Every structure is written in C-alpha cells, then in structure tokens.
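# Topology and contacts: notes
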Amino acid sequence: MNLSSIAVKRPVTITMIVLVVVLLGAISLNRLPIDLFPEIQLPIAVVFTSYTEAGPQEVENLVTKRIEGAIATVGNIDTVNSITSQGNSIIIAQFNVGTDMDFASLEMREKIDLVKGFLPDDASEPMVLKIDPNIMPILQISMSTGGDLAELQSLAEDIFSQRFERIEGIASVSVGGSFVREIEIVLDQDSLSSYGLSINQLAQIIGANNMNLSGGTVDKGAQKLSVRVVGEFGTIDEIRDMPITLTTGEVIKLGDVAAVKMTAKYISTVSRTNGRDSINISIQKQSGKNTVQAANLVNKEIEDLKKDYPNINIDVVLDSSTMIKDSINNVAKNAVMGSLFAVVILYIFLKNIRTTLIIGVSIPISLIASFTLLYVNGITLNMMTLGGLALAVGMLVDSAIVVLENIYRFRTEGYSGHEAAVKGASEVGMAITASTLTTIAVFIPIVFVEGLIGTIFKDFALTVTLSLGASLLVSLTLIPVLSSKILTTDNGAGITKQKKRKLESVYNIFDNIFAKIENVYKRLLVTGLKRRKTTIIVSVVIFVVSIASLFGVATEFIPTMDEGTMSIDISMPLGTKIEKMDKLARIIEEKLAVIDEIEVMFTNLGTGDIDILTVGSSGGNSGTISVRLVKLKHRKKSTAEIAEEIRTLVRDIPGAEISVRETSSMEMMGFTIPISVSIKGDELEVLEKISEDFKQIISSVEGTREVETSLSEAVPEIEVLINKEIAATYGLTTAQIASAVRGVATGVTVTKYKDEGKEIDVVIKASGDFTENLSNFEQLDITTPTGINIPLQQVADLSVVRGPVRINREQQERVVTVTGQITDRDLGSVTADVAKKLQGYEMPGGYSYNIGGEREEMVEAFEQLFLALALAVVLIYMVMAAQFESLVYPFIIMFTVPLAFSGGALALFITRKALGVTALIGVIILAGIVVNNGIVLVDYINVLRKEGKERFEAVTTAG
C-alpha cells in the first residue's frame, strides 16, 4: 500500500494533518527572525595590546612579532595580519571557514599565555576578541537642541539609553559625544613660583586630600564599630579652599595659586546632523533576535520620547530594518504575484476551476509547510530564504499537475473518484519523485560551497529543497484526496453553462493562439528530425557562439544594491586641529545642501578610537559624513549618480583628501573593496615608494576612483631630548620633567570628583601661552626640588621631527595595501587592466605584490560554484539513470543542459548584464530545471514506443 492509497482512504486524517501543518506554519512564520541576510559568523579573531611608551617600530619588535609567532601555531589558522601604531598592536587572525571560533579563541589565549612573559613589563594584557558582523548597530539616532550639548549628552546617558535598553531584543546602547565635564585647576605660574611649589607637588596634595579611607574598628560596649575617615571633596568650593602647607610653615589655599572651575573637556570629536550639533546613540540588538521587531519597538519608543521631550530634535540616521522591510516586502510581493500568475496560467490551460483550485491550494500549503521546516532548522527569514520561496513557487505545481493530469485520465476512462485518485497518483509517483529529486540534486551542492558565498546561499538552497520536498508530499497525499472528492469529468467541470458562454470567446482566442504555436513547433520538429545533422550542427554553432559571447560579458562579484546610503570620507594631514576639520566639513555640508535627494546628513569628525568592526584605528585627523537619500521611488537618480555628483562638488576643495563611496549591507558581511593590491617587503621607505608608484599606475586605469595607500604619512611631533647630566645637577629626573611637560601640554588628571553618582576628572594644568608655539614651549618653567624654576630649554633640546608611520604586516611580513573603487566599468575588466599595467613594473629584489580585493573573492567564488555545477550535473545524471534504469536515456537528456547554458549566456550578452555569483547560481538552477522537460519527453516517448508506435511518430507525438 503506497502513500497515495493511504491518503485517499483517510481523507479526514489528511485534512487534519494539513490544518496542523498550516497552524504550525503560521506560528513559525510569526516567530522566524527577520534579517536582510543570513546571520554570518566570520572566522576572525583579534588581539589588542597597548604599549603606550613606545613607537610603532618598537611595538612591532617587542610586542607584535612575538604575539604573531604564537598565534601562527594555532590550529585551522588561515592568515595572520597585524596593524602596529604608536603604542598599540592589533593582530588579526583569520581561520578556515567552519572553524569553531569559541575553541579557536580559547586556543589563541593559551598560545598568547606562553609568550606573555616575554612582553615588556609596561605592555597591557593581550585581549582576544571574536569579530562578529552582527554587532553592527541596527539603529543610529541623532539628538540635537538649541541648548547645552553637555546637558543633552547627560540626558542621553541617564534617561534615553536606559529606556532603549529596557526594550526586548536590545543588547546594548552606546552614547557618542565629546561633551564631557571636568574640573579644571589652572595654575598661576608666577604665584606657584613665589610659593616654591611645583605641579607635581600640588598633584600629590590634591590626590591625597580627596579620599575616603577605613580607620579600622572601635569597641563600644558589646558592639564593634567600623571607623571610616571621610575626606572626599563635596563641592568645588572645598577644592578651591583646600589648605596647602608651605615649607615655611605658612598655610595657603589652592585658590591662591590656581583658578578652579567646572568646564567641558577639550573637544576632540564633532557630531552634527543636518547642520545641527548633535549627540548620537547607537543601538545593538541581541544575537538571534528579530531585527525588524526590535527596530519597530525602538522607533515606537522614539515617538514616545519626542512627546516627552518636545524641545529635542531626534532623528534616525540609520535604520537597518528599513532596508530589510523594503527588501523582504519586495521579495514577498514577488512570491505572491508569482503564485497568482501560476494559478492564472493553470486556469488558462485547464479551463477548469476545480482542477485549478486543487493545484492552486498546493502552493500556499507547501510554502506554509516550508516555514515550519525553516523554523525547526534555525533558518532566518531573509532575502535568500524568501528568494528561494519565490523561485520554488513555479516548481511547486509541477508534481501536482502531473498527478492531477493522470488522475483525470483515469476518471475519463470510467474509474470512480477513489480508484482514479489511487491509480493515477501511484502510477506517476515514482516519476514525480525522480523529477523532484533531479531539481533538489541541483541545490544540494550549493549547500557545500565554502566561504561567505556558501554561507549566504546555503539558506537559499535549503529553502528550495525543503519547499520542493513539501510539495512532493502534498502532491502524493493532498492532491489525490481533493481529486477523489471534487474532481469531475463533465466538460463544464462545475462551471455553469452561462459562465462558460461568457468565457468561451476567451478560451477560443487562447486555443487558436496555442494551436498556431503548436503547429509551428511541429513543423520545426519534423524538419529537425528529417535533417538531424543540420540540427546538431546548428545546435553546436549556437552553443559555441553563445559561449564565445561570454568574453564580451562583464564580470562582477555581487550585484550592487541601491540602498540609498553613502559615505564621504575626509582625511587631513596628521596633527590637524579639530576646528580646522570642522570648518572644512561645514564647507562640504553647504555644497551638499543643493542636492534635493539627501534626506539625512550625519557628520562625525575626529574619531580617534580603535574600531573593532573594521579591525583598525581611525586617527583624529579623519572624519566621515554619512548621507542617507530619500527612498528610490521618490528620486529619479540612483545612488551611484548622486555619488558622482558629490564627487564633482567636492573635487576642488583644497587641504584634504575626500573620497565618496556607496555603502551597502554587504559591508557587514565581510566583503572587501573592489581593488586591493598588497605589496610585501622589509623596508618601509622602499614600500612607500612602490606604493606611491602603484597608486599612480592604478589611478591611470580607466574606471578607477579614489585610489589610496594604507601607508599613512609620518606624524609630526615635538621631541624633547633631555640632557641627563644637566638635569641631574638640578636634581631632576626624566619622569619629573615629563610630568611637568605633560601638565602644561595637556594637563594631568590628579583625582576624581563625585557628583550625583558620576565621577568627574580633576585636571591640573598650567596657565599661559606655552602651547601656542615652540618658542614659548621652550620657556616652560620646570620647578626643581629646591624650589627654583628653570626654563625647559636649559635641561632639554626641543625639535620637531617626523614620527614613525603605522606598520601593517601580513603573514608576519610587512605589507602596504593600495586600494581603490571602480565606476562605470565592471570588476573583471578593471582588475585585468590593473594586472596588465602592474606586470610592467620592475619590483626590487625581495619585494612582491598580490592583487586581492573583490577580484580574489570573485575568482574563489567562481571556482566553488563551477565545482558545484559539475557536481550537480553528476547528481542529476545519477538520479535519471536510476529512474530510467538506463545509462543512455539520461545521456540524451543531458545534451539539453549545455543548450540551456547557451540561452543564459546570450541573455547576459544581449541585456549587457554582468556575470556574477548570482548569475552562476541561476545557471546551476537552470541545469536542474531544464532536465525536467527532457525527462517528461523521453518518458512519454518510451510509453509510445511500448504501445507499438514507430520511433519518428513517437518522437513527434511526444513533442
């Protein structure tokens, strides 16, 4: 007894099972996490170490090389890169795809522990972190007001962030802004000298007076009471009135030698939204949580905050859920439209409302069943899974049509509804199973594709496979059950004669058109069979020409999506003050004001922090203007066109390097930039020369934009070279002089002042114009232990030197990377031209270069996908061989596969579309779909031959 027979005998049971499946599917759909792309775990870990007193070369030799050597021995390691800068070492370890990063990071810590003892004493504890693209903020919020930004930042930290953190699905909230309060103690140098005091002495006195200490315990009868000595400052006036005992025994107040006030720290960063100074808030979701749901809850909270704080402008600078919702809705709409079109096409051919409904009901049930399978397998609802469902819609009805057609044939032969359903479904059960398996066989190899491409399209392949599996079960169970109950053989099929008369003219038009197409096809088929050699030659010629046309087709990695976002990166000479950067940024903002398509413009300048996501550090001389455009349907220009317009507007602004690039969700997934050339060698001076030459060569290639090198310029700095012999005669040490210099240059944080539960830095610094120029700086007073003040130049020589550059290393070898963007040309042709031009460059001995970037990833992805295609073809052949019990018939059908590729190649050539990863996925899918037609044709030819028909007649009739 087969599955169809069991189903027909138990229609109530099948109906209940279908209802349960629909219910579970609805619940699963509601609980499926929604994201733009599948959640990706990058096999990358980073080690951070600081050695603040050393320059890049010292850090490289004493820290970076030792940790690199230890990490290189970790299992499954692929590459080890590093970035060494002033006082910092960042080592990036990339592992093979599929590596368990929890165990890998644990092994890294064990290896680092072995070399920690060889690191300098002043080096910080190495910190190991896993890189997770999913920690990217899902929302960036900007707050601005006409009032005090320090107060606004405090409000954001105390109120706004807590309200956001309470939202379900939110992991963390970070507030960005440089408006931090501090208590500034500005010393009067003359008064300080007259009392024989130094900055170091005052720093020690202030720190020693501002503390609470335990005084032990005291017995009071039967009780033992703890003693607490309270001495912390309660008000700023207490700091100002702090007594200082001089060596003469006289007591003065701190206010006698210094001005004490609450102020804002020196602004090192600037944030601005649409021209208004702002505070920004970044919101991250919990891993595995629904991005859209979390973002919706945050947006609802923002609306509530706007009502509670009407005087504060709250703008959403970035909302990743918007792109997700737009993309998901678009794909879902295509899936629904595809289903409707499939039903309409079925009705046009079948002319029977009952048969159309029987088949039509299989589409939503198969899709709903797929949602349950996705939920059970832990697959998110994203563009890939929905794309798989949209693709599967057209294939879901194939098996159902074959089953229904056969059942209908048995009904016309006089069988009862029950018998026809059982016999019809059983007879073709093996055939539709084989047909479905040939299609599934195409998607199985995609699951085993390695790298990011495999991770992305794995969900796509699994979704199609699960959908087709569900549709096969529906075809073998639900279709026979419905057919046994509602399928009739009368010509009207339940349609009234009046309705039939209304649709008769439509049916006749369609039948006449289809009959003409069928007649043309029949003539072509007969002609082809009579001239078989000519047909084969023409087919071969078409195949050769189409494949040759691929040489005129552009190549790309992943098609770009118009997400309406871009970034304007600003870089000025190292040492540039934030005020000058702010002035230049305002000029750019004014120029951008003429572009109507810009909705939000967010400026962030002077970020001097380590960026975990990009695995690097951004200098205080750089900044970014993030631009978000209005939605695509509300503008006539593409993001690329607007980016080119911005390039034209900012091209002539002097004093800075300005680059414009489109930003994409792909950046979160680890995709690299289009052009990247790595140059390896030992000497930084030689690497600098080669990189500058490469920069010029690559810039000369048509289609390249914003070519730059990773080798930053030397840092200008003031070198204070202490004469230890002279300093010793005054009783001064290097540490004392450095402390005095630091106190004047930047101030010294001596203690913390507690105010309303917050700790505020208390900074002591010298007054005067010592930092205005080098001459004044040389006259800085240094107080000796005897109380005498001497100028800095008396114990040290001052000069401006160029500090060492940042050092990048790859596979334990120094490297400089030249990168660039492309425009108006495809990736393949540009990188080919770059490679051709670089071949003519004479590399010095011991130096080499490698072209990487998207080209490297594209080549790797193409190799993986071609391997998947070959494996798919072999699996398809094996499935067909098992079905036909023959090695010849499958071989005949396989001849249709290259001809299908011909159509795909010509389509790319004619439409001028690029050959990329998505196109190759389409080619692989095509291999599975095209053989289904061949299977049906060959199977029916065999049936007719068994009935005694001659070969020519059998072929033409089957066709």
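Residues numbered from 1 in each chain as written. Predicted model: local features only at pLDDT ≥ 70, side-chain atom pairs only at ≥ 80, totals over all residues. Heavy atoms only, no water.

### Focus: the overall build of the protein
Filter applied, for reference: We count a stretch as a helix when DSSP gives it H or I for four or more residues in a row; a strand needs E for two or more, and each element gets its number in order from the N terminus. Exposure is judged per residue with a 1.4 Å probe applied to protein chains only, and the accessible area is read against the type maximum: over 50% gives exposed, under 20% gives buried, and values in between give partly exposed. In this description, contact between two residues means that some pair of their heavy atoms is separated by no more than 4.5 Å. Where accessible areas are quoted, they stem from the Shrake-Rupley method and a 1.4 Å probe; at the residue level, only the protein chains shown are allowed to cover. Here the positive residues are Lys and Arg and the negative ones are Asp and Glu; neither His nor the chain ends is included. Charged groups are reduced to one reference atom each: NZ for lysine, CZ for arginine, CG for aspartic acid, CD for glutamic acid.
Along the protein, the regular secondary structure elements total 29 helices and 32 strands. Buried positions account for 45% of the 959 residues belonging to the protein. Look at the contacts in the protein between residues 6 or more apart in sequence, and 77% of them connect residues 24 or more apart. If you sum the accessible surface of the protein, you get close to 47900 Å²; carbon and sulfur atoms cover 56% of it. Treating the 85 positive side-chain charges of the protein as one cloud and the 110 negative ones as another, the clouds have centres 14 Å apart.

### Some remarks on the pattern of salt bridges
Cut-off, in case you're wondering: Think of a salt bridge as a Lys or Arg side-chain nitrogen and an Asp or Glu carboxyl oxygen that are within 4 Å of each other.
Under the definition given, this model contains 27 salt bridges. With its nearest N and O atoms 3.0 Å apart, the salt bridge here joins arginine 809 to glutamate 60. You can see arginine 809 sitting in strand E30 (residues 807-810) and its partner glutamate 60 sitting in helix H3 (residues 56-71), a full 749 residues away along the chain. When sorted by exposure, arginine 809 lands in the same class as glutamate 60, which is buried. Put simply, lysine 130 and aspartate 102 hold a salt bridge, and the shortest N to O gap is 2.4 Å. Residue lysine 130 is located in strand E4 (residues 127-130), and its partner aspartate 102 is located in helix H4 (residues 101-115); the two are separated by 28 residues in the primary sequence. We classify lysine 130 as partly exposed; its relative accessible area is 37%. Put simply, Arg272, Asp277, Asp582, Arg586 and Glu589 are held in one network by salt bridges that share partners.

### Some details on helix H27 (residues 896-911)
Rules: What a helix is expected to span follows from its residue count: subtract one and scale by 1.5 Å.
Given a rise of 1.5 Å per residue, 16 residues ought to cover 22 Å, and the 23 Å separating the end C-alpha atoms of H27 matches this to within 8%. Restricting attention to buried positions, one finds in H27 the residues Val897, Ala900, Phe901, Ser902, Ala905 and Leu908. In this fold, the buried residues of H27 make contact with helix H17 (532-549), helix H25 (853-884), helix H26 (888-894) and helix H28 (917-946). Where H27 terminates, the next one or two residues include arginine 912, which has phi positive at roughly 60°.

### A few points about the nonpolar core
Applicable threshold: Take the buried residues of types Ala, Val, Leu, Ile, Met, Phe, Trp, Tyr and Cys, join any two whose side-chain atoms come within 4.5 Å, and each joined set is a nonpolar core.
Core analysis: the largest hydrophobic core is formed by 88 residues, its most contacted members being Phe443, Phe457 and Val917. At 14 residues, the largest contribution of residues to this core is made by helix H13 (residues 383-412). Counting residues in each nonpolar core, the second largest holds 27 residues, with Leu187, Ile199, Leu202 and Ala258 among its members.

### Digging into a nonpolar patch on the surface
In plain terms, the rule: Each patch is built from residues that are more than 30% exposed by relative accessible area and take part in no salt bridge. Like charges join if they lie within 9 Å; nonpolar side chains (Val, Leu, Ile, Met, Phe, Trp, Tyr) join within 5 Å.
Taken together, the side chains of Val20, Leu23, Leu24 and Ile27 make up a nonpolar region of the molecular surface, amounting to roughly 340 Å² of accessible area. Position of leucine 23 relative to the elements: it lies in helix H2 (residues 11-31).

### As for the side chain of serine 886
Stated precisely, the cut-off is as follows: Side-chain atoms alone can form a polar contact between residues adjacent in sequence; in general such a contact is a pair of N or O atoms within 3.5 Å, and within protein one must be able to donate a hydrogen while the other accepts it.
Mapped onto the elements of the fold, serine 886 is located in the loop between H25 and H26. Residue classification places serine 886 among the buried residues on the basis of a relative accessible area of 18%. A polar contact of 3.4 Å, which involves the side chain of serine 886, links it to the backbone nitrogen of tyrosine 889.

### Overview of unusual backbone geometry
Positive phi is not limited to glycine here, since asparagine 274 has a value of about 50°. Its place among the elements puts asparagine 274 in the loop between strand E13 (270-273) and strand E14 (276-285). Residues other than glycine seldom take positive phi values, yet glutamine 811 does so here, at roughly 55°. The topology assignment puts glutamine 811 in the loop between E30 and strand E31 (813-822). Residue classification places glutamine 811 among the partly exposed positions, given a relative accessible area of 41%.

### Focus on the environment of threonine 648
As for its position among the elements, threonine 648 is in helix H19 (residues 639-650). Assessed through its relative accessible area of 44%, threonine 648 is described here as partly exposed. Within polar-contact distance, the side chain of threonine 648 engages the backbone oxygen of glutamate 644 at 3.1 Å.

### Details of the environment of serine 739
You can see serine 739 is positioned in helix H22 (residues 734-745). Sequence spacing of serine 739 and asparagine 200 is 539 residues, and the spatial spacing of their C-alpha atoms is 7.1 Å. When near neighbours in sequence (up to four residues on either side) are disregarded, serine 739 contacts Asn200 and Val748.

### Section: a negative patch on the surface
A surface patch of like charges, here negative, comprises Asp78, Glu450, Glu856, Glu860 and Glu863. No other element matches H25, which puts three residues into the negative patch. Tracing the sequence through the fold places glutamate 450 in the loop between helix H14 (417-447) and helix H15 (451-486). Classification of glutamate 450 by relative accessible area gives exposed; the value is 51%.

### Here's the deal with helix H18 (residues 578-592)
Because an α-helix packs 3.6 residues into every turn, residues spaced three or four apart end up facing the same way. For H18, spanning 15 residues, the distance from its first C-alpha to its last is 21 Å, which sits close to the expected 21 Å at 1.5 Å a residue. Taken together, the buried residues of H18 touch E13, strand E16 (565-571), strand E17 (598-605), strand E20 (622-629), H19 and strand E21 (657-662).

### Considering the packing of helix H24 (residues 827-839) against H25
Rules: Here, axes are lines fitted to C-alpha atoms. For helices the fit covers the stretch in contact, and angles between N-to-C directions go from 0 to 180 degrees. Each helix crossing is assigned a hand: it is left-handed if the near helix lies turned anticlockwise from the far helix by less than a right angle, otherwise right-handed if that turn is clockwise. Lys, Arg, Asp and Glu make up the charged group, whereas Ala, Val, Leu, Ile, Met, Phe, Trp, Tyr, Cys and Pro make up the nonpolar group; the residues left over, Gly among them, are polar.
The geometry of H24 relative to H25 is characterised by a closest axis approach of 10 Å and an angle of 115° between their N-to-C directions. Like other packed secondary-structure pairs, H24 and H25 cross with a definite hand, here left-handed. Taken together, the residues of H25 that come into contact with H24 (itself represented by Leu827, Gly828 and Thr831) are Glu854, Arg855 and Met858. Of the residues assigned to the contact of H24 with H25, the class counts are two nonpolar, two polar and two charged.

### Focus on the packing of aromatic side chains
Condition: In summary, the pairing rule links any two rings of Phe, Tyr or Trp, Trp by its six-membered ring, whose centres are within 6.5 Å, and it sorts them by plane angle into stacked for under 30 degrees, edge-to-face for over 60 and tilted for everything else.
The full count for this structure, using the stated rule, is nine aromatic pairs. Note on phenylalanine 891 and phenylalanine 895: the rings are 5.3 Å apart at their centroids and 80° apart in plane angle, and the pair reads as edge-to-face. Its relative accessible area of 51% is what places phenylalanine 895 among the exposed residues. The rings of Phe443, Phe457 and Phe460 are connected pair by pair, giving a single aromatic cluster.

### What about the packing of helix H12 (residues 362-376) against H13?
Selection criterion: Roughly parallel means an angle under 35 degrees; roughly antiparallel means over 145; roughly perpendicular covers 65 to 115; every other angle is labelled oblique.
The contact between H12 and H13 brings their axes to 9 Å, and the two run at 125°. As judged from the angle between their axes, H12 and H13 are oblique. Here H12 and H13 pass one another in a crossing that is right-handed. Side by side, H12 and H13 meet where Ser362, Ile363, Ser366, Leu367, Ser370 and Phe371 of the first sit next to Leu389, Val393, Leu396, Val397 and Ala400 of the second. Residue composition of the contact of H12 with H13, by class: eight nonpolar, three polar and no charged.

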